[in-house]
Amino acid sequence: MSAATTTQFVTETVRPPAPRRTALRPGWPLTLLFVFFPLWWVLGLGHFIFFISAIVMGRELLKRRPVYAPMAFGLWLLFSTVVITGIPMLWVQPAGTLAGSSIGRLLPYTYHAVWYISITVVALYVLNMPERDLSSLRIMRLLGLMFIYTVAGGYAGLLLSHVDFPSLMELVLPIKRSSFIDTLVHPSLATSSEFLGYTQPRPSAPFSFPNAWGNNLGMYLPFFVATWLGRSAGRRRPFGILILILAAVPIAYSLNRGLWIGLFVAVVALSVKLATMGNFRVLQITAAALVVGAVVFISTPLYATVALRVSTPDSNQRRGTLASEVISKTVELSPLLGYGETRAVSGSFDSIAGGETPNCHQCAAPPLGTQGFMWRLIFTTGLLGTLFFLGYVGAQLARFGLHQDTVAVTCCIVLLLTLVFSFVYDSLESPLFTAMIAIGLLNRRYVRQSQLASSSETEDGP
């Protein structure tokens, strides 16, 4: 597919006047979002700040003509259509699920629909921002900064797991504890688990849950490696190496097997890519670093923790049963459109009379459509929506996977991790936001820069 086939929406044939200069630097919504993300998290805006940023970015997009869209964007529009047409399915009740109220299903549906809109906006925004206004390197550095924040949050969760404090949103709004809104606005440092036979804090800051912490860390890591260890790193490289070494501690104690698998896949993919590029020197350095790192890792207490977690796959059966139930119930009653939103299960998978008890939180069956974005896709958008979504992401990998520049290699690894993590993590939040930024970065090189309004020269940062 040539560059000329890149989708574009043109609403006027005459170019409007250049936008007026403002005191704000081009691309400031992304900068404000990521640079101050720890502050948003403390304030209870860790989720909603993405929506606010998307609104601002959407307003900026409306001022730009023409607005270009990524390749295969038609598949994304078809996916979005399935999401919308699935609204009537919210009131369909599959066998073995609990009946819910209209508000009980519309509220989470609306929340997740806003996420889909937000990730669409950010992909278009990144694609349509001229390189000299907001460089690809700057965007990647912002995401690399988020990796540092996530590592710092991991240490905070391990060292200060007993600390609990309300956010500003909790103090201002009348929010009930353990409610849906409470999980979005309460800043949690860590969550205690008993996977290993004893209480172990699992870091979650600056996100809501330990699995979200692992998912986001994995998505930000390629950008960190590219900007803190790559050619553009400069004096950052020694600090980048140190941060990467320090990251091993929260990664191990997070007990995130999905993260561990994703990191292994990323290393293998990067090694294969380097070999095909003929960059054997970097490949040798990478292999040597992995060997040294493995020896050091095995000689520390981290190895015992990881080995014990791998040998206690307590959630494997539940996840397997859940995936089987999702596929069977979707194919049985609503194979094309799914059910619009997740469903709570009656009892447990073993018995309708089962369920959660004070001594056994794991006895309750997780809602159908959770425990992995792939299962959400199948259950909430059916086989049709799943096909469109995977086709859209797959088209990006097929088109840009053979490119050898830093942006292409980094972003393709991010999209590969998106697919890997989709089987174990509920990615429909900030991880997919990151994935769509990667898609915007991949496609922006094929936009004719002379057709995009520009207002200033780019400075790399932060």
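What you are looking at is a predicted structure, and each value in this text was computed from that prediction instead of being measured. (Residues numbered from 1 in each chain as written. Predicted model: local features only at pLDDT ≥ 70, side-chain atom pairs only at ≥ 80, totals over all residues. Heavy atoms only, no water.)

Enquirer: Is there a simple way to explain the overall build of the protein in this structure?
Expert: Counting secondary structure elements, the protein contains 17 helices and four strands. Here the protein, with 462 residues, has 49% of them falling under the buried criterion. Summing over all exposed atoms, the protein offers an accessible surface of approximately 21300 Å²; the carbon and sulfur share of this is 68%. (Helix = DSSP H or I, 4+ residues; strand = E, 2+ residues; numbered from the N terminus. Buried < 20%, exposed > 50% of the residue type's maximum accessible area, 1.4 Å probe, protein only. Areas by Shrake-Rupley, 256 points an atom, 1.4 Å probe, with all protein chains shown as cover.)

Enquirer: Explain the state of the cysteines here, please?
Expert: In a disulfide, the sulfur atoms of two cysteines are covalently bonded to one another. Counting across every chain of the model gives zero disulfides. You can see Cys 412 has no disulfide; the closest cysteine sulfur is in Cys 411, sitting 7.2 Å from it. With a relative accessible area of 11%, Cys 412 lands in the buried category. (Disulfide = S-S within 2.5 Å.)

Enquirer: Can you walk me through the packing of helix α15 (residues 373-400) against helix α16 (residues 406-421) in this structure?
Expert: Geometrically, a packed helix pair is captured by the angle between its two axes and the distance between the axes. Interaxial distance between α15 and α16 falls to 10 Å at its minimum, and their mutual angle equals 150°. With respect to α16, the element α15 is oriented roughly antiparallel. Once α15 is placed against α16, the crossing between them reads as left-handed. Where α15 approaches α16, its residues Leu 390, Val 393, Gln 396, Leu 397 and Phe 400 are matched on the opposing element by Ala 408, Cys 412, Leu 415, Leu 416 and Leu 419. Classifying every residue of the contact of α15 with α16 gives nine nonpolar, one polar and no charged. (Axes fitted to C-alpha atoms, helices over the stretch in contact; angles between N-to-C directions. Parallel < 35°, antiparallel > 145°, perpendicular 65-115°, else oblique. Left-handed = near helix turned anticlockwise from the far one by under 90°. Contact = heavy atoms within 4.5 Å. Nonpolar A, V, L, I, M, F, W, Y, C, P; charged D, E, K, R; others polar.)

Enquirer: Would you explain the pairing of strand β4 (residues 200-203) in this entry?
Expert: Side chains Gln 200 and Arg 202 of β4 all project onto a buried face; the interleaved residues Pro 201 and Pro 203 project onto the opposite face, where all are buried too. Sheet topology note: the strand β3 (residues 190-193)/β4 ladder contains four bridges and is antiparallel. Across the sheet, the residue bridging to Ser 192 is Pro 201, located in β4. (Pairing = 2+ DSSP bridges.)

Enquirer: How do you make sense of the nonpolar core when you look at a structure like this?
Expert: Leu 30, Phe 34, Phe 433 and Ile 437 are the most contacted members of the largest nonpolar core, which totals 92 residues. A per-element tally of this core places helix α5 (residues 102-128) first, with twelve residues. With eleven residues, the next largest nonpolar core counts Leu 322, Tyr 339, Val 345 and Trp 375 among its residues. (Core = buried A, V, L, I, M, F, W, Y, C linked by side-chain atoms within 4.5 Å.)

Enquirer: Help me understand unusual backbone geometry, please; the structure alone is not making it clear to me.
Expert: For residues other than glycine, phi is negative in most cases, and the peptide bonds are mostly trans. At the junction of Ala 205 and Pro 206, the peptide bond is cis and its omega measures out at 5° in the coordinates. Structurally, Pro 206 is set in the loop between β4 and α9 (210-228). Unlike most non-glycine residues, Leu 255 shows phi in positive territory, near 60°. Looking at the secondary structure, you find Leu 255 in the loop between α10 (236-253) and α11 (257-276). Positive phi is not limited to glycine here, since Gln 371 has a value of about 65°. You can see Gln 371 is positioned in the loop between α14 (316-333) and α15. For Gln 371, a relative accessible area of 23% puts it in the partly exposed group.

Enquirer: I tried to follow the confidence of the model for the protein on my own but got confused; where do I start?
Expert: Detail in the predicted coordinates should be disregarded across regions flagged by low pLDDT. Here the protein averages 83 in pLDDT, while 79% of its residues score no lower than 70. Of the regions scoring below 50 in pLDDT, residues 349-355 engages in 15 contacts with residues more than four places distant in sequence or in other chains. Confidence drops under a pLDDT of 50 for residues 449-462, and excluding neighbours within four residues, the segment shows 49 contacts in the predicted structure. (pLDDT = per-residue confidence, 0-100.)

Enquirer: Would you explain a nonpolar patch on the surface in this entry?
Expert: Residues Ile 103, Leu 107, Phe 180 and Ile 181 make up a contiguous nonpolar surface patch of roughly 340 Å² in combined accessible area. Tracing the backbone shows Ile 103 in helix α5. Classification of Ile 103 by relative accessible area gives exposed; the value is 61%. (Patch = residues over 30% accessible without salt bridge, like charges linked within 9 Å, V, L, I, M, F, W, Y side chains within 5 Å. Salt bridge = Lys/Arg side-chain N within 4 Å of Asp/Glu carboxyl O.)

Enquirer: For this particular structure, what's the right way to read the pattern of salt bridges?
Expert: Two side chains of opposite charge can pair, provided their charged atoms sit close to one another. Under the defined criterion, the tally for this structure stands at three salt bridges. Here Arg 444 and Glu 131 are joined by a salt bridge, their closest N and O atoms 2.7 Å apart. Separated by 313 residues along the polypeptide, Arg 444 in helix α17 (residues 430-444) and Glu 131 in the loop between α5 and α6 (136-159) bring together distant segments of the chain. On the basis of relative accessibility, which here comes to 3%, the residue Arg 444 falls in the buried class. Between Glu 325 and Lys 329 there is a salt bridge, with the nearest N and O atoms lying 3.7 Å from each other. Of this pair, Glu 325 and Lys 329 both sit in helix α14, four residues apart, which is roughly one turn of the helix. When its relative accessible area of 12% is taken as the criterion, Lys 329 is described as buried.

Enquirer: Help me understand the environment of Ile 261, please; the structure alone is not making it clear to me.
Expert: Relative to the assigned elements, Ile 261 resides in helix α11. When its relative accessible area of 49% is taken as the criterion, Ile 261 is described as partly exposed. Between the alpha carbons of Ile 261 and Leu 417 there is a distance of 9.6 Å; along the sequence they are 156 residues apart.

Enquirer: What's the story with α17 in this structure? I'm lost.
Expert: For α17, which comprises 15 residues, the first-to-last C-alpha distance of 21 Å matches the rise-based estimate of 21 Å (1.5 Å per residue) to within 8%. Counting buried residues along α17, 15 of its 15 residues qualify, which places the element largely inside the surrounding structure. (Expected span 1.5 Å × (residues − 1).)

Enquirer: Is there a simple way to explain the side chain of Arg 376 in this structure?
Expert: Along the chain, Arg 376 turns up in helix α15. Using a relative accessible area of 8% as the deciding quantity, one classes Arg 376 as buried. Side chain to side chain, Arg 376 and Glu 341 meet in a polar contact 3.3 Å long. Apart from residues lying up to four places away in sequence, Arg 376 is in contact with His 112, Glu 341, Thr 342, Gly 369, Thr 381 and Leu 428. (Polar contact = N/O pair within 3.5 Å; in protein donor to acceptor, adjacent residues only side chain to side chain.)

Enquirer: For this particular structure, what's the right way to read the packing of aromatic side chains?
Expert: Aromatic ring pairs are described here by two measures, namely the spacing of the ring centres and the angle between the planes. For the structure on display, the rule yields 20 aromatic pairs. Ring centres of Trp 41 and Phe 165 lie 6.2 Å apart, and the angle between their planes is 90°; this geometry places the pair in the edge-to-face category. Placement of Trp 41 in helix α2 (residues 37-43) and of Phe 165 in the loop between α6 and α7 (168-172) is noted, with a sequence separation of 124 residues between them. Using a relative accessible area of 12% as the deciding quantity, one classes Trp 41 as buried. With a relative accessible area of 26%, Phe 165 lands in the partly exposed category. With a centroid separation of 5.9 Å and 55° between ring planes, the pair formed by Trp 76 and Phe 389 is classed as tilted. With a gap of 313 residues between them, Trp 76 in helix α4 (residues 73-85) and Phe 389 in helix α15 connect regions that are remote in the sequence. (Phe/Tyr/Trp six-rings, centres within 6.5 Å; stacked < 30°, edge-to-face > 60°.)

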